[in-house]
Amino acid sequence: DAGVTQSPTHLIKTRGQQVTLRCSPISGHKSVSWYQQVLGQGPQFIFQYYEKEERGRGNFPDRFSARQFPNYSSELNVNALLLGDSALYLCASSWTGVEKLFFGSGTQLSVL
Amino acid sequence: GENVEQHPSTLSVQEGDSAVIKCTYSDSASNYFPWYKQELGKRPQLIIDIRSNVGEKKDQRIAVTLNKTAKHFSLHITETQPEDSAVYFCAASRTGGSYIPTFGRGTSLIVHP
């Protein structure tokens, strides 16, 4: 049974560019959440989608956006990249969206 | 919004000792409290969780306790083993309404053989 898959695993961008990160949830899970993890800190919540609708949004600027597709996969987009956007971006899927999150391995984004 | 404080930031124990990690939360509406383990370079993995209608939950060497009145919950690991070495994160969230889970900053547990 495949776990949560994220792509790409690593990404290097320059300031001002745009990036799209992708996530495929565990089969049967209808909820996908996105988190930003800076080294030495806990994951910080960005978005949650359940059944293709946004259910929650963390304290991130409008440069961050996301969507969920009919097959429940999801994309996170970040526009006008800043150096401070450098982090590990984690995707998590679950049945209910709140309990028992299963995390992917993440996308390590470096902004130069 | 919710604020989760986690202590200590680093915990060093000898193999076989017990380890306790504590978290406090601020939002009395939070009712779901999971703990995640993240080994170096790997994804966070859920190890145990508790809902606000339960005071304690155990799973082999791991237990979590919740004090709703004081708004704190703790992770207890007994008979620690070197493979327990990792960063542990607590989190608090609501299961209803707007979903904004909040994680603690993490505790680096080091178990010395």
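Above this text you will find the structure in question.
Below is a short write-up of the structure. Fair warning: this is a prediction, and the values are worked out from it, not measured in the lab. (Residues numbered from 1 in each chain as written. Chains lettered and ligands numbered in written order. Predicted model: local features only at pLDDT ≥ 70, side-chain atom pairs only at ≥ 80, totals over all residues. Heavy atoms only, no water.)

**Regarding the overall build of chain B**
The condition that has to hold: Runs of H or I in DSSP of at least four residues are treated as helices and runs of E of at least two as strands, each being numbered from the N terminus. With the radius of gyration taken over C-alpha atoms, the globule rule is written as 2.2 Å times the number of residues to the power 0.38. To sort residues, take the accessible area from a 1.4 Å probe on protein chains only and compare it with the maximum for the residue type: under 20% means buried, over 50% means exposed, and anything in between is partly exposed.
Helix and strand counts for chain B stand at zero helices and 11 strands. The helix and strand sequence of chain B, counted from the amino end, reads β-β-β-β-β-β-β-β-β-β-β. The C-alpha radius of gyration of chain B comes to 14 Å, within 12% of the 13 Å expected for a compact globule of 113 residues. Counting all 113 residues of chain B, 43% fall into the buried class.

**Overview of the pattern of salt bridges**
Threshold: Salt-bridge detection follows one rule: a side-chain nitrogen of Lys or Arg within 4 Å of a carboxyl oxygen of Asp or Glu.
Applying the stated criterion across every chain yields a total of 11 salt bridges over all chains. With a closest N to O distance of 3.3 Å, Glu-51 of chain A and Lys-30 of chain A form a salt bridge. Here Glu-51 of chain A, found in the loop between β5 (44-50) and β6 (53-57), pairs with Lys-30 of chain A, found in the loop between β3 (19-24) and β4 (31-37); they are 21 residues apart in sequence, far enough to count as distant. For Glu-51 of chain A, a relative accessible area of 30% gives the class partly exposed. Asp-84 of chain B is paired through a salt bridge with Arg-61 of chain B; the nearest N and O atoms lie 2.9 Å apart. Taken together, the residues Asp-84 of chain B in the loop between β8 (72-77) and β9 (86-92) and Arg-61 of chain B in the loop between β6 (56-59) and β7 (62-67) connect sequence positions 23 residues apart. On the accessibility criterion, Asp-84 of chain B (6% relative accessible area) is buried. Residue class for Arg-61 of chain B comes out partly exposed when judged on its relative accessible area of 23%. Counted as one network, the salt bridges with shared partners bring together Arg-22, Arg-67 and Glu-75 of chain A.

**A short note on the sheet that holds β8 of chain B**
Residues and elements named next belong to chain B. The condition that has to hold: Paired strands, as defined in this entry, are two strands with at least two bridges between them according to DSSP. To define axes, lines are fitted to C-alpha atoms, for helices over the stretch in contact only, and angles between the resulting N-to-C directions are given on a 0 to 180 degree scale.
One open sheet holds the five strands; their spatial order is β1-β3-β8-β7-β6, and the pairing between them is antiparallel. Pairing within the sheet leaves two strands with one partner each, and these edge strands are β1 (4-7) and β6. Recorded for the sheet is a direction-independent mean angle of 15° between the axes of neighbouring strands.

**Things to note about the nonpolar core**
Just so we agree on the cut-off: Think of a nonpolar core as a cluster: buried Ala, Val, Leu, Ile, Met, Phe, Trp, Tyr and Cys residues, connected wherever their side-chain atoms sit within 4.5 Å. The contact rule is simple, with two residues in contact once any of their heavy atoms fall within 4.5 Å.
Core analysis: the biggest nonpolar cluster contains 23 residues, and Tyr-25, Phe-33, Trp-35, Phe-73, Leu-75, Tyr-88 and Leu-109 of chain B have the highest contact counts within it. Listing elements by their share of this core, those giving two or more residues are β2 (10-14), β3 (19-25), β4 (32-38), β5 (45-51), β7, β8, β9 and β11 (107-112) of chain B. Setting aside its immediate chain neighbours within four residues, Leu-75 of chain B contacts Ala-19, Val-20, Ile-21, Trp-35, Ile-47, Ile-48, Ile-62, Ala-63 and Tyr-88 of chain B. Of all hydrophobic cores here, the second largest spans 22 residues; its members include Leu-81, Ala-87, Tyr-89 and Leu-109 of chain A.

**Quick look at the sheet that holds strand β1 (residues 5-7) of chain A**
Either a parallel or an antiparallel arrangement is found when strands of a sheet pair, and the pairing is made through backbone hydrogen bonds. Residue and element names in this part refer to chain A. The antiparallel open sheet is built from four strands, whose spatial order is β1-β3-β8-β7. The open sheet has two edge strands with one neighbour each: β1 and β7 (64-68). When the angles between neighbouring strand axes are averaged without regard to direction, this sheet yields 15°. Summarising the sheet, β3 and strand β8 (residues 74-78) pair through five bridges and their orientation is antiparallel. Paired with Thr-20 across the strands is Asn-77, a residue of β8.

**With respect to the interface of chain B and chain A**
Our working rule: Two parts placed together each lose some accessible area under a 1.4 Å probe, and the buried area is that loss summed for both.
On the side of chain A, 22 residues touch chain B, which itself brings 19 residues to the contact. Both faces combined, the contact of chain B with chain A buries some 1,700 Å², and carbon together with sulfur accounts for 54% of it. Remark: the boundary between chain B and chain A carries two salt bridges. Among the ionic pairs, Glu-99 of chain A bridges to Arg-51 of chain B, the shortest N-O distance being 2.6 Å.

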